[in-house]
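Architecture and fold: a report
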Amino acid sequence: MSRRRQIYEGKAKVLFEGPEPGTLVQYFKDDATAFNNQKKGTITGKGVLNNRISEYLMTKLGEIGVQTHFVRRLNMREQLVREVEIIPLEVVVRNVAAGSLAKRLGIAEGTQLPRSIVEYYYKNDSLCDPMVSEEHITAFGWAATQDLDEIMAMTLRVNDFLTGLFLGIGIRLVDFKLEFGRLWNNEEMRIVLADEISPDNCRLWDIKTNEKLDKDRFRLDLGKVEEAYQEVARRLGILPEGGPTDLKGPKTMQ
Ligand code: UDP
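Residues numbered from 1 in each chain as written. Predicted model: local features only at pLDDT ≥ 70, side-chain atom pairs only at ≥ 80, totals over all residues. Heavy atoms only, no water.

A word on the site of the ligand
- Around the ligand lies a shell of 15 residues, among which Arg94, Ser100, Asp175, Asn201 and Arg203 are the nearest.
- Within the contact set of the ligand, an oxygen atom lies 2.7 Å away from a side-chain nitrogen or oxygen of arginine 94.
- Contact between the ligand and aspartate 175: an oxygen atom at 2.6 Å from a side-chain N or O atom of the residue.
- The fraction of the free accessible surface of the ligand (500 Å²) that becomes covered by protein chains is 77%.
- A per-class count over the shell around the ligand returns four nonpolar, three polar and eight charged. (Near = heavy atom within 4 Å. Polar contact = N/O pair within 3.5 Å; in protein donor to acceptor, adjacent residues only side chain to side chain. Areas by Shrake-Rupley, 256 points an atom, 1.4 Å probe, with all protein chains shown as cover. Nonpolar A, V, L, I, M, F, W, Y, C, P; charged D, E, K, R; others polar.)

Written out as structure tokens, the structure reads:
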């Protein structure tokens, strides 16, 4: 790991300089945090599973024409991505009431929403990621109105596609968080999907039992956290080759 220059260390991932200019290596850790860093822990094998799950979902989205930062998976814990200028927003899509929406608006968890709701949060840990409106985003220059139009269109497309994909494997996509970045090509700018899509940033419920198959198991101390992530990978048909016993994975493997 030390052979590469570290660019950034986040809560669940580390970014290293990539092999070519304009690329980065995204390394998935087993570390888990919740409630704005107040709860910390480790979910054994999470990094391996999230690397694989995010690769799968980003690839599928790429196949339907959603542009992403994902290039290819390098090994058990690392993937090559394009270096983008991250737009400092967390874009949350909700299909079913849960988490902060259920709490803030007093809507029973599990209530089907009349339509998908998209919310923006300003990505800033020291401010606990406050919710913001399009007005704040454009006034403070985090994104232009036309960027937001594109982000909204991409977000709804991702939601439609992933809702169907998860439904096909008996999972309800309750809500999830996306991040976007700007990719520059000479003078031209494109907005692409960045970060990761995994049970760390989605709420995934079993369609029949409503069992939670995501990070809420860690947040709420429900137990069987690793097993839930594994179950998502298993249903997607992508459990790592060695099976559940192989989840620690070699640190580096080219
Ligand atoms: N989420 C996330 N990162 C965050 C906040 C939320 O990935 O910093 C995801 C979360 O996993 C859930 C969705 O966004 O799938 C909506 O989260 P919510 O606003 O309900 O917040 P939470 O209850 O997670 O604090």
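A closer look at a nonpolar patch on the surface
- A cluster of nonpolar residues, Phe35, Leu220 and Leu222, forms a patch on the protein surface that exposes about 290 Å² of accessible area.
- Along the polypeptide, phenylalanine 35 turns up in the loop between strand S4 (31-34) and strand S5 (39-42).
- Judged by relative accessible area, which is 48%, phenylalanine 35 ranks as partly exposed. (Patch = residues over 30% accessible without salt bridge, like charges linked within 9 Å, V, L, I, M, F, W, Y side chains within 5 Å. Salt bridge = Lys/Arg side-chain N within 4 Å of Asp/Glu carboxyl O. Helix = DSSP H or I, 4+ residues; strand = E, 2+ residues; numbered from the N terminus. Buried < 20%, exposed > 50% of the residue type's maximum accessible area, 1.4 Å probe, protein only.)

Quick word on the packing of aromatic side chains
- Going through the model one piece at a time under the given rule, you end up with two aromatic pairs.
- Ring geometry for tyrosine 122 and tryptophan 142: centres 3.9 Å apart, planes at 10°, overall stacked. A residue pair is termed long-range when its members are at least 10 positions apart, and tyrosine 122 in strand S10 (residues 112-122) and tryptophan 142 in the loop between helix H3 (134-139) and helix H4 (145-167) qualify at 20 residues. Tryptophan 142 shares its class with tyrosine 122; the two are buried.
- Ring centres 5.4 Å apart and planes at 35° place the aromatic pair phenylalanine 140 and tryptophan 142 in the tilted group.
- Take phenylalanine 140: its relative accessible area is 56%, and that puts it in the exposed class.
- The buried category is assigned to tryptophan 142, whose relative accessible area is 16%. (Phe/Tyr/Trp six-rings, centres within 6.5 Å; stacked < 30°, edge-to-face > 60°.)

Thoughts on the pairing of strand S13 (residues 188-194)
- Where strand S12 (residues 171-185) meets S13, seven bridges bridge the pair, whose relative direction is antiparallel. From the neighbouring strand, glutamate 179 faces S13, where its bridge partner is alanine 194.
- Following S12, the chain reverses through two residues before pairing antiparallel with S13; asparagine 186 in that reversal takes a positive phi of roughly 55°. (Pairing = 2+ DSSP bridges.)

As for the side chain of glutamate 179
- For glutamate 179, the position within the fold is in strand S12.
- Only 3.3 Å separates the side chain of glutamate 179 from the side chain of lysine 123, close enough to count as a polar contact.
- Within the structure, the side chain of glutamate 179 is placed 2.7 Å from the side chain of lysine 177, a separation counted as a polar contact.
- The contact partners of glutamate 179, leaving out residues within four places of it in the chain, are Ile86, Leu89, Glu90, Lys123, Val192, Leu193, Ala194 and Asp195. (Contact = heavy atoms within 4.5 Å.)

What about a negative patch on the surface?
- Together, Glu134, Glu135, Asp149 and Glu150 make up a region of like negative charge exposed at the surface.
- Elements with a contribution of two residues or more to the negative patch: H3 and H4.
- With respect to the helices, strands and loops of the structure, aspartate 149 is situated in helix H4. (Lys, Arg positive; Asp, Glu negative; His and termini not counted. Charge placed at Lys NZ, Arg CZ, Asp CG, Glu CD.)

Quick word on the pairing of S12
- Burial runs high along S12: twelve of the 15 residues are buried.
- Relative to S12, strand S8 (residues 85-86) runs antiparallel, the two being bridged by two bridges. Counterpart to isoleucine 86 in the pairing with S12 is glycine 181.
- Pairing analysis gives four bridges linking strand S9 (residues 89-96) to S12, with the strands arranged antiparallel. Across the sheet, valine 92 pairs through a bridge with lysine 177, a residue of S12.
- Pairing of S12 with strand S14 (residues 202-206), which is carried by five bridges, proceeds in the antiparallel orientation. Looking across to S14, one finds that leucine 173 is bridged to leucine 204.

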